[in-house]
Amino acid sequence: MTDLLAQANTKANREKFLNHLAQQAGRDRHQVQPFEPLNDLPDQVLANQAPQALLATAKQNSEAVAAKVYLKTSDELASFLDEYLQTIQAKTLLLPGVCEAQWEAYHLADWAGHPQGVTTTVWSPEPADRAQNAQAADQADLAVGFADYLIANTGTITVVTTPAQGRAFNYLPEHYLALVPQSGLVRSTRQAVEKYEAALADGFQTSAINFISGPSNSGDIEMELVVGVHGPVDCAYVIVTDR
Amino acid sequence: MGISTSDKPFLERVADAKQDHFMQAAVAKAQDAQFIKRTRARREMGHWNDWRDLAEQIRQHTLKYLPDYLEMFANNVEKRGGHVFFAQTETEARDFIRELVLAKQAHKVVKSKSMVTNEIELDQTLTALPDVEVLESDLAEFILQEDNWDEPTHIVFPTLHKNRDQIQAEFKKLGYQGDNEPAHMARFVRGYLRNYFMQADFGITGCNFAIADQGMINLDTNEGNADITMAMPKTQVVVMGMERIVPSMKEAEVLDNMLARSAVGQKLTTYCTFAGPKVAGEVDGPDDFWVVILDNGRSRALGTEFEPILQCIRCGACLNVCPIYRHIGGKGYGSIYPGPVGKVLSPILGGYDQFEELPYACSLCAACTETCPVKIPLHELIRKHRIVEMDEKHLDHSMTNLILKMVGVGTGSPALFGTAMKMAHSGAAPFSKPMGKNDVQGMYEGGKINHLPKAAPKLVHGWADLRDIPTPPKSKDNFRHWYQNHHPIEPAPAVKAKEEKADD
Ligand code: SF4
């Protein structure tokens, strides 16, 4: 067996390949110019909508992708979440391992400390707890997580992977509920991308940025839409109107 | 084998396809349904043709500086702690990944949909290893796998040719006891695959777009399977065609929107993810992140008139408007890349000898060119393949034989042309009101009349002329007016020269 693995990340492997491309194309390497888009359509998406209209658009587009949308103030959240747990008859709950201050920002520190009537697991930010977190996510009836942005044009919420809210947290539970601040309402995927690019340039680190639009689904069997394939079978966005 | 899916000669595959009435009906239904969804989604986006200009510009810019962007991407993956391997051939890519599976002592490999891995026959390679299990996690790919690795029939809807009863029969072998309801069967697969996901130690994904300036990859799915494939196993390998790259997340974001609208009529796929190796402090995701960047013949298109085919974002829209695809389905083409995109790409990747007939299985109706979100001049490239083939082969008899063979397909299949005529209007009915400048439907109607070079034998002409009228005038349009607006495309210089010779 030749040792191909050792060739990864080597100059020899890279240069041979890239030089071949340059030669085939008849264009020299290292001539790259910045990309200057020929129009500004991505910036114009929903640009004419005032904030209230934008919120209505966001709601409509989210419902069009089968997401449930709720508007709540932070004071209403605790009782809303209790009701929600009952409505979906959740027995197991998964919460992100964030600090108390983050819950308190949504007036949820008490609630998150002792959710009523469900077995609750908190995602452990310890890398050693990987397997245990995965089990909890797999078995959770509901995950209540934090989202950054709500994209009006596509009915999308965005979440990033963090130590406190990992990947399995967002994909494995049966039901998924995202708390998203109304201040995170943006018009377009372009706007959200720009915000993430700025954060990354500022040194923010994450291994995954997810744009999620409703519950998992598939049309693979006779093109009939089926909701709930590998990811959550149901997805709720709770827009926190005073945050 | 590579991109080839069949050892049968082209005509036999077409004959097989014609017998498969379920497939034909399913393809027709899918084309019509997708027409409505796609047109609605694009119209809703507004300024569709300007978006296409932007998408084309993004793809062309990236291809122009391809080595530079690949270098930038590789450097950034490395900075994130990942590894990049450039594979010139499918053998190199395959051997590399096999070595990695062995080195990691992986036993349970999970994959999310990737056509490039089909191209390099990765499934067969890995399942041949002792103590290695491989499971496809995309529902359609899983169905194909359970049916003894059946061939996909569409690049976006691989199981279009299968009905619910056939799928139920496959699942029964895995212990499914329910009825043939898609929702129930999907639920069964969820449980079945979830168990596997929980144990998977090696994940393999494709890549919609590599983000050069971040060293991340961008993946679009509706099921969420790619995300779980990237979450659970400790090792991830991304296999990407070398052209699947953009400068930054901004350009990816434009293409993600256009891809979803063009492929499935959605505004965005349910999951659109930018991901890389696990960051220190995070709990899950790949500790070990590898990217295999594959050439496998793609570079043959660079610097040639065929370069635009590398702009492709694999949305499948060209399949969904193609009258020939409607008739023979995906398997007829004998390549993992069927339809118009396949007619251009397959001879480049697999060679003219293997796919010589494909450029002729085309009515040059230009519907593909007009629907392509990144403005690849598909029908012109198909015609260019014919010209190259004629140049290469006209000295011996094989060209005449090939043309005669294809005339047989044409004259033996009047339905093929009938469909071409009807299609543009039947699916379009809900949208056939007069349209403004940026309307998609208006665009679709800008059909063109093409002619085969006159140098081709007379016999072909009768057939080709028939094929070359794309969109017949709507009955309410005045024919003279319609005719005035439909000029033939200017033939390529080489063709002109030939025509003049033939006229002498
Ligand atoms: S050639 Fe164009 S229309 Fe066809 S799959 Fe590629 S991007 Fe889509």
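The name that an unreviewed UniProt entry assigns to chain B is Iron-sulfur cluster-binding protein, with the source organism given as Limosilactobacillus ingluviei DSM 15946.

Going by what an unreviewed UniProt entry lists, chain A is known as LUD domain-containing protein and is assigned to Limosilactobacillus ingluviei DSM 15946.

Q: Can you explain the overall build of chain A? Please cite residues and give values.
A: Secondary structure assignment for chain A yields nine helices and 12 strands. In terms of its C-alpha atoms, chain A occupies a principal-axis envelope of roughly 65 × 55 × 45 Å. Counting over 243 residues, chain A shows a buried share of 55%. When contacts within chain A are restricted to residue pairs at least 6 apart in sequence, those whose partners lie at least 24 apart make up 76%. Here chain A carries 15 positive and 28 negative side-chain charges, and the mean point of each set is 9 Å from the other.

Q: Describe the nonpolar core, with residues and values.
A: Membership of the largest hydrophobic core comes to 166 residues, with the highest contact counts inside it found for Leu70(B), Phe73(B), Phe171(B), Ile293(B) and Ile309(B). Per element, the largest residue contribution to this core is eight residues, and it comes from helix 12 (residues 249-264) of chain B.

Q: Describe the side chain of Arg13(B), and please don't skip the residues or the numbers.
A: Residue and element names in this part refer to chain B. Residue placement: Arg 13 occurs in helix 1 (residues 10-19). Buried and unpaired, Arg 13 has no salt bridge, with Glu 357 as the nearest side chain of opposite charge at 5.3 Å. Polar contacts involving the side chain of Arg 13 include one to the main-chain carbonyl oxygen of Gly 332, which spans 3.0 Å. Residues in contact with Arg 13, not counting those within four places in the same chain, are Ser 6, Lys 8, Lys 331, Gly 332, Tyr 333 and Gly 334.

Q: Break down the packing of helix 9 (residues 189-201) of chain A against helix 12 of chain B for me, with residues and values.
A: Contact geometry for helix 9 of chain A and helix 12 of chain B: axes closest at 9 Å, N-to-C directions at 155 degrees. The angle between helix 9 of chain A and helix 12 of chain B places the two elements in the roughly antiparallel class. In this structure, helix 9 of chain A crosses over helix 12 of chain B, and the sense of that crossing is right-handed. Residues Thr189(A), Arg190(A), Val193(A), Glu194(A), Tyr196(A), Glu197(A) and Leu200(A) of helix 9 of chain A form the contact with helix 12 of chain B, whose participating residues are Met249(B), Lys250(B), Glu253(B), Val254(B) and Asn257(B). Of the residues in the contact of helix 9 of chain A with helix 12 of chain B, the class split is five nonpolar, two polar and five charged.

Q: Got a sec to walk through the site of the ligand? Specific residues and values, please.
A: Around the ligand sit 13 residues, and of these Cys312(B), Cys315(B), Gly316(B), Cys318(B) and Cys372(B) come closest. Classifying every residue of the shell around the ligand gives 11 nonpolar, one polar and one charged.

Q: Describe unusual backbone geometry, naming the residues involved and giving the relevant values.
A: At Trp149(B), a residue that is not glycine, the phi angle is positive and equals roughly 55 degrees. Among the structural elements, Trp149(B) can be located in the loop between helix 8 (139-146) and helix 9 (164-172).

Q: Residues and numbers for the pattern of salt bridges, please.
A: By the definition in use, this model includes 35 salt bridges over all chains. With a closest N to O distance of 3.1 Å, Arg29(A) and Glu71(B) form a salt bridge. Taken together, the positions of Arg29(A) in the loop between helix 1 (11-25) and helix 2 (41-44) and Glu71(B) in helix 4 (residues 66-79) put the pair across two chains. Residue Glu197(A) is joined to Lys250(B) by a salt bridge in which the shortest nitrogen-to-oxygen separation is 2.8 Å. A residue pair is termed interchain when its members come from two chains, as with Glu197(A) in helix 9 and Lys250(B) in helix 12. With relative accessibility at 12%, the residue Glu197(A) sits in the buried group. Looking at Lys250(B), the relative accessible area reads 24%, which means it is partly exposed. Overlapping salt bridges bring together Glu222(A), Glu224(A), Arg164(B) and Glu181(B) as one network.

Q: Could you give me a rundown of the UniProt feature "domain: LUD" (unreviewed entry) in chain A, with the residues and numbers involved?
A: Residues annotated by UniProt as "domain: LUD" (unreviewed entry) correspond here to residues 57-240 of chain A. Here residues 57-240 of chain A is 33% helix and 28% strand, with 16 Å between the C-alpha atoms at its ends.

Q: I'd like to hear about the confidence of the model for chain B, residue by residue, with values.
A: Residue and element names in this part refer to chain B. For chain B, the mean per-residue pLDDT works out to 82, and 78% of the residues sit at or above 70. A low-confidence stretch, residues 410-504 stays under pLDDT 50, and its non-local contacts, those more than four residues away or across chains, total 141 contacts. The ipTM assigned to the predicted complex is 0.97, against a pTM of 0.86.

Q: Please give an account of the sheet that holds strand 5 (residues 209-211) of chain B that cites residues and values.
A: Pairing is mixed across the open sheet formed by eight strands, whose spatial order is 8(A)-5(A)-6(A)-9(A)-9(B)-6(B)-5(B)-8(B). Looking at the sheet topology across the chains shown, the edges are occupied by strand 8 (185-186) of chain A together with strand 8 (245-246) of chain B. Relative to strand 6 (residues 216-221) of chain B, strand 5 of chain B runs antiparallel, the two being bridged by three bridges. Bridge pairing in strand 6 of chain B links Phe209(B) to Asn218(B). The sheet strands contacting helix 12 of chain B are strand 9 (208-212) of chain A together with strand 5, strand 6, strand 8 and strand 9 (271-275) of chain B, and the helix crosses strand 5 of chain B at an angle near 165 degrees.

Q: Tell me about the sheet that holds strand 7 (residues 235-241) of chain B, and please be specific about residues and values.
A: Residue and element names in this part refer to chain B. Taken in spatial order, the six strands of this open sheet run 1-10-7-4-2-3, and their pairing is parallel. Each of the sheet's edge strands pairs with one partner strand only, and the pair in question is strand 1 (83-87) and strand 3 (133-136). Taking each pair of neighbouring strands and ignoring which way they run, the sheet shows an average axis angle of 20 degrees. Sheet analysis places strand 7 next to strand 10 (residues 288-294), joined by seven bridges and oriented parallel. Across the sheet, Gln 236 pairs through a bridge with Phe 289, a residue of strand 10. Its contacts with the sheet put helix 5 (residues 90-103) on strand 1, strand 4 (202-205), strand 7 and strand 10, and the angle it makes with strand 10 is roughly 165 degrees.

Quick notes on the rules
- Residues numbered from 1 in each chain as written.
- Chains lettered and ligands numbered in written order.
- Predicted model: local features only at pLDDT ≥ 70, side-chain atom pairs only at ≥ 80, totals over all residues.
- Heavy atoms only, no water.
- Helix = DSSP H or I, 4+ residues; strand = E, 2+ residues; numbered from the N terminus.
- Buried < 20%, exposed > 50% of the residue type's maximum accessible area, 1.4 Å probe, protein only.
- Contact = heavy atoms within 4.5 Å.
- Lys, Arg positive; Asp, Glu negative; His and termini not counted.
- Charge placed at Lys NZ, Arg CZ, Asp CG, Glu CD.
- Core = buried A, V, L, I, M, F, W, Y, C linked by side-chain atoms within 4.5 Å.
- Salt bridge = Lys/Arg side-chain N within 4 Å of Asp/Glu carboxyl O.
- Polar contact = N/O pair within 3.5 Å; in protein donor to acceptor, adjacent residues only side chain to side chain.
- Axes fitted to C-alpha atoms, helices over the stretch in contact; angles between N-to-C directions.
- Parallel < 35°, antiparallel > 145°, perpendicular 65-115°, else oblique.
- Left-handed = near helix turned anticlockwise from the far one by under 90°.
- Nonpolar A, V, L, I, M, F, W, Y, C, P; charged D, E, K, R; others polar.
- Near = heavy atom within 4 Å.
- UniProt positions renumbered as here; feature names shortened; annotations may be inferred.
- pLDDT = per-residue confidence, 0-100.
- Pairing = 2+ DSSP bridges.

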